[in-house]
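Notes for the structure review
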Amino acid sequence: MPAPLSRRTLLLAAALTLTAAATSACGGGGDGSGGGAGRTTVRIAYQAIPNADLVVKNQRLLEESLPDVDVKWVKFESGGDVNTAVIAGAVDLGLAGSSPVTKGLSAPLDIPYKVVWIHDLIGDNEALVARAGIGSVKDLAGKKVATPFGSTAHYSLLAALSAAGVDPSAVRTIDLQPQDALAAWKRGDIDAAYVWTPTLGELAKDGKVLVSSRELAAQGKPTADLGVVTNAFAARHPEVVTAWIKAQDRAVAQARTAPDQAARSIGAELGLPAEEAKRQLSQLVLLSAKEQTAPEYLGTPGAPGRLAANLHDAAVFLKGQKAVDAVPDEAVFGRALAVEELGRAAN
């Protein structure tokens, strides 16, 4: 009888299909230097989240600062998918939630990447929505709840159930990406969903928000959308990483000082009116590069920030939920904070 496959082996097998799709979309090889005539290619994973990353993409801020680099943007539905793509060698840099990054840095994945940016601190833009008649998280026992497995929303759902004293095994949790969860909601196949905007807004039209990620953060379970870069790409192309951070910093500044302009770009990427994009943008907390060097975030060389402890705490929680095999030492998460890269760009 053949030996059972490990979770990492299964993930690698699943990555083969994703690799083909992402590599085709990127038009490059797996080493981040697949451009023609010796040009460097950077493959960037992004998601449909109304933050400054979409401003960078829409306004081509990175392409503007790196005219000799081929910039390829590839859309993913969740951070779990981004992890799969990184393992497959299909992307170099991109956005994933703090929960997928925690899983990525833990066994069995042990992905060789590091956190170089905080795209946003998640607030009211991620929440648990239930149908009328379900008045609290406790009422979800015996119900069907959808969320993308391995995402920040999944982590927050588990945290919400734990806080309410509901055994996760008492809830039928279904792995669905946001748009699939919306379709299941419309069909009446699910009773609740923990997702993010813009899908969240659609569910909330005829559902009730039971708890938001902002409330869970206040209870000690914060989540964030993080920028990660593979160790290999960061070592090979530090100038690209610096330019990317600076482009993100410019976009954050625009979101703060010219939110209407930023919202038009975000709306164009999400297919939303600018006013709705502006409203969704306001639900997030954005940080400048300088702010991210503070002790409560990424920190500085020799003094990794509080984010390392937050990721470690998340790993402890996920281990309790059997979502990771082991909890790395906090120092592992500290070493995974790209403080030198951030410091170069912030100065």
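An account of the accompanying structure is given in this report. (Residues numbered from 1 in each chain as written. Predicted model: local features only at pLDDT ≥ 70, side-chain atom pairs only at ≥ 80, totals over all residues. Heavy atoms only, no water.)

With respect to the sheet that holds strand β3 (residues 93-97)
The line we're drawing: Only when DSSP finds a minimum of two bridges between them are two strands counted as paired. Secondary structure elements follow DSSP: runs of H or I of four or more residues count as helices, runs of E of two or more count as strands, with numbering from the N terminus. Between N-to-C directions, angles cover 0 to 180 degrees, with each direction set by a line fitted to C-alpha atoms, over the stretch in contact for helices.
Ordered by their spatial adjacency, five strands build an open sheet running β2-β1-β3-β10-β4, and the pairing between neighbours is mixed. Strands with a single pairing partner mark the edges of an open sheet, and in this sheet they are β2 (69-75) and β4 (113-121). The average undirected angle you get between the axes of adjacent strands in this sheet is 25 degrees.

Some details on the side chain of D53
Our working rule: When a residue's accessible area, from a 1.4 Å probe over protein chains only, is under 20% of the maximum for its type it is buried; when over 50% it is exposed; and in between it is partly exposed. In this count, Lys and Arg are taken as positive residues and Asp and Glu as negative ones, while His and the chain termini are left out. We define a salt bridge as a contact between a side-chain nitrogen of Lys or Arg and a carboxyl oxygen of Asp or Glu at a distance within 4 Å. Any pair of residues with heavy atoms lying within 4.5 Å of one another is described as a contacting pair.
Structurally, D53 can be placed in helix α2 (residues 52-58). For the buried D53, no salt bridge exists, and the shortest N-O distance to an oppositely charged side chain is 9.3 Å, to K57. Those residues in contact with D53 that sit more than four places away from it in its chain are Y46, W73, L95, H119 and Q248.

Here's the deal with the packing of aromatic side chains
Selection criterion: Aromatic pairing here means that ring centres of Phe, Tyr or Trp (its six-membered ring) are within 6.5 Å. Orientation follows from the plane angle: under 30 degrees is stacked, over 60 is edge-to-face, and everything else is tilted. Two thresholds decide whether a charge sits over a ring: the Lys NZ or Arg CZ must be within 6 Å of the ring centre and within 35 degrees of the ring normal.
The tally for this structure, following the rule as stated, stands at two aromatic pairs. Pairing Y46 with W73 gives two aromatic rings, centres 6.0 Å apart and planes at 75 degrees, and the pair type is edge-to-face. Of this pair, Y46 sits in strand β1 (residues 40-46) while W73 sits in strand β2; the two residues are 27 residues apart in sequence, bridging distant segments of the chain. Judged on exposure class, the residue Y46 and its partner W73 are both buried. Between the aromatic rings of Y155 and F317, the centroid separation amounts to 5.3 Å while the plane-to-plane angle is 75 degrees, which identifies the pairing as edge-to-face. Within this pair, whereas Y155 is found in helix α6 (residues 152-163), its partner F317 is found in helix α15 (residues 306-320), the two being separated by 162 residues in sequence. Cation over ring: R131 sits above W185, and NZ or CZ is 4.2 Å from the ring centre.

Looking at the sheet that holds strand β9 (residues 208-212)
As summarised here, the arrangement of the five strands in space is β7-β6-β8-β5-β9, forming an open sheet in which the pairing is mixed. On the outer flanks of this sheet lie β7 (172-175) and β9, each paired with one strand and no other. Direction aside, neighbouring strands of the sheet carry axes that sit 25 degrees apart on average. Note: strand β5 (residues 126-130) against β9, four bridges, orientation antiparallel. Its bridge partner lying in β9, A127 is registered against S212.

Concerning the pattern of salt bridges
For the coordinates displayed, the defined rule picks out 13 salt bridges. Of the charged contacts in the structure, one is a salt bridge between K57 and E269, with a shortest N-O distance of 3.1 Å. In this pair, K57 sits in helix α2 while E269 sits in helix α12 (residues 259-270), placing the two residues 212 residues apart along the sequence. The exposure class assigned to K57 is buried, which follows from its relative accessible area of 19%. Residue E269 is classed as partly exposed on the basis of its relative accessible area of 25%. We note a salt bridge from K114 to E341, for which the minimum N-O separation is 2.8 Å. With a gap of 227 residues between them, K114 in strand β4 and E341 in helix α17 (residues 339-346) connect regions that are remote in the sequence. Both residues of the pair, K114 and E341, belong to the buried class.

Side note on the packing of helix α11 (residues 238-257) against α17
Each pair of packed helices can be described by the angle between their axes along with the distance between the axes. Which entries qualify depends on this criterion: Any angle between 65 and 115 degrees counts as roughly perpendicular, while under 35 counts as roughly parallel, over 145 as roughly antiparallel, and the rest as oblique. By convention, the crossing between two helices is left-handed when the near helix turns anticlockwise from the far helix through less than a right angle, and right-handed when the turn is clockwise. Ten residue types, Ala, Val, Leu, Ile, Met, Phe, Trp, Tyr, Cys and Pro, are classed as nonpolar, four, Asp, Glu, Lys and Arg, as charged, and the remainder, Gly among them, as polar.
Two numbers describe how α11 lies on α17: the axes approach to 9 Å, and their chain directions differ by 60 degrees. On the basis of their axis angle, the class for α11 and α17 is oblique. Judged by the twist between their axes, the crossing of α11 over α17 is right-handed. Across from P238, V241, T242, I245 and K246 in α11, the residues of α17 making contact are E341, L342, R344 and A345. Of the residues in the contact of α11 with α17, the class split is five nonpolar, one polar and three charged.

Geometry only, nothing functional implied.
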